Amino acid sequence: MEEKKTKRNEETKKLLISRLNKIEGQIRGLKRLIEDDTYCTDLLIQTNAAKSALESFSTEVLKNHIMGCVKKGLQNGDDSVVDELIWTLKKLK
């Protein structure tokens, strides 16, 4: 079976990597909060911020997938991209 890949333009790559770098920093910050015995409520608030950032990243990837891969597949007559999208959306719940 052929491995699928998505060719992203440099602007999209930079945007996604920038978001991941911010998320990575937030995760490192969470580790420091634990090491510093930060109060639970403060830790939970920061955890939620990291979760929101990751969800925002996921939304951006999904948007790019629909506007790129799915759209291109449909234009090329490949209706299976819709089934794949539905499967993916179910996994994201």
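Here, residues in each chain are numbered from 1, in the same order as that chain's written sequence. Confidence filtering applies because this is a predicted model: local features only for residues at pLDDT of at least 70, side-chain atom pairs given and counted only at 80 or more, and all residues used for totals across whole chains, interfaces and linings. Note that water and hydrogens are dropped before the side-chain values are worked out from all heavy atoms of the structure.

1. Some details on the packing of helix H1 (residues 10-35) against helix H2 (residues 40-75)
Line of reasoning, step 1. Simply put, an axis is a line fit to the C-alpha atoms, just over the touching stretch for a helix, and the angle between two N-to-C directions goes from 0 to 180 degrees. Only runs of H or I of at least four residues qualify as helices and only runs of E of at least two qualify as strands under DSSP, and these elements are numbered from the N terminus. Running from amino to carboxyl end, H1 crosses H2 at an angle of 165°, the nearest separation of the two axes being 10 Å. On the basis of the axis angle, H1 is roughly antiparallel to H2. In this structure, H1 crosses over H2, and the sense of that crossing is left-handed. Contact residues: H1 offers Thr12, Leu15, Leu16, Arg19, Leu20, Ile23, Gln26, Ile27, Leu30, Leu33 and Ile34, while H2 offers Leu43, Gln46, Thr47, Ala49, Ala50, Ala53, Leu54, Ser56, Phe57, Glu60, Val61 and Asn64.
Line of reasoning, step 2. In terms of residue class, the contact of H1 with H2 is built from 15 nonpolar, 6 polar and 2 charged. Between 65 and 115 degrees an angle is taken as roughly perpendicular, under 35 as roughly parallel, over 145 as roughly antiparallel, and anywhere else as oblique. Put simply, a crossing is left-handed when the front helix is turned counterclockwise from the back one by less than a right angle, and right-handed when it is turned clockwise. Contact definition: two residues touch when any of their heavy atoms are within 4.5 Å. Residue type decides the class: Asp, Glu, Lys and Arg count as charged, Ala, Val, Leu, Ile, Met, Phe, Trp, Tyr, Cys and Pro as nonpolar, and the leftover types, Gly among them, as polar.

2. As for the pattern of salt bridges
Line of reasoning, step 1. What makes a salt bridge here is a side-chain nitrogen of Lys or Arg within 4 Å of a carboxyl oxygen of Asp or Glu, nothing more. Inspection of the entire model under this criterion finds 4 salt bridges.
Line of reasoning, step 2. Of the charged contacts, one joins Arg28 and Glu24 as a salt bridge, the two residues approaching to 3.8 Å between their closest N and O atoms. Taken together, the positions of Arg28 and Glu24, both in helix H1 and 4 residues apart, correspond to about one turn of that helix.
Line of reasoning, step 3. Here Glu24 falls in the partly exposed class, since its relative accessible area comes to 44%.
Line of reasoning, step 4. The closest approach of N and O atoms between Lys63 and Glu60, which form a salt bridge, is 3.3 Å. Residue Lys63 and its partner Glu60 are both found in helix H2; the two are separated by 3 residues, about one turn of the helix. Only protein chains enter the accessibility calculation, which uses a 1.4 Å probe; a residue is then buried when its area is under 20% of its type maximum, exposed when over 50%, and partly exposed in between.

3. Digging into the environment of Lys71
Line of reasoning, step 1. Following the sequence through the fold, Lys71 ends up in helix H2.
Line of reasoning, step 2. On a C-alpha basis, the gap between Lys71 and Glu55 in space is 22 Å, while along the polypeptide they are 16 residues apart.

4. Comments concerning a nonpolar patch on the surface
Line of reasoning, step 1. To count toward a patch, a residue needs a relative accessible area over 30% and no salt bridge; like charges are then connected within 9 Å, while nonpolar side chains (Val, Leu, Ile, Met, Phe, Trp, Tyr) are connected within 5 Å. Per-residue and other accessible areas follow the Shrake-Rupley method at a 1.4 Å probe size, with only the shown protein chains counted as cover for residues. Where nonpolar side chains cluster on the molecular surface, the patch consists of Leu74, Val82 and Ile86 and spans about 220 Å² of accessible area.
Line of reasoning, step 2. Looking at the element boundaries, Ile86 is found in helix H3 (residues 80-91).
Line of reasoning, step 3. A relative accessible area of 42% means that Ile86 is categorised as partly exposed.

5. Observations regarding the environment of Lys31
Line of reasoning, step 1. Among the structural elements, Lys31 can be located in helix H1.
Line of reasoning, step 2. With relative accessibility at 53%, the residue Lys31 sits in the exposed group.
Line of reasoning, step 3. Measuring from C-alpha to C-alpha, the distance between Lys31 and Leu43 comes to 9.6 Å, with 12 residues separating the pair along the chain.

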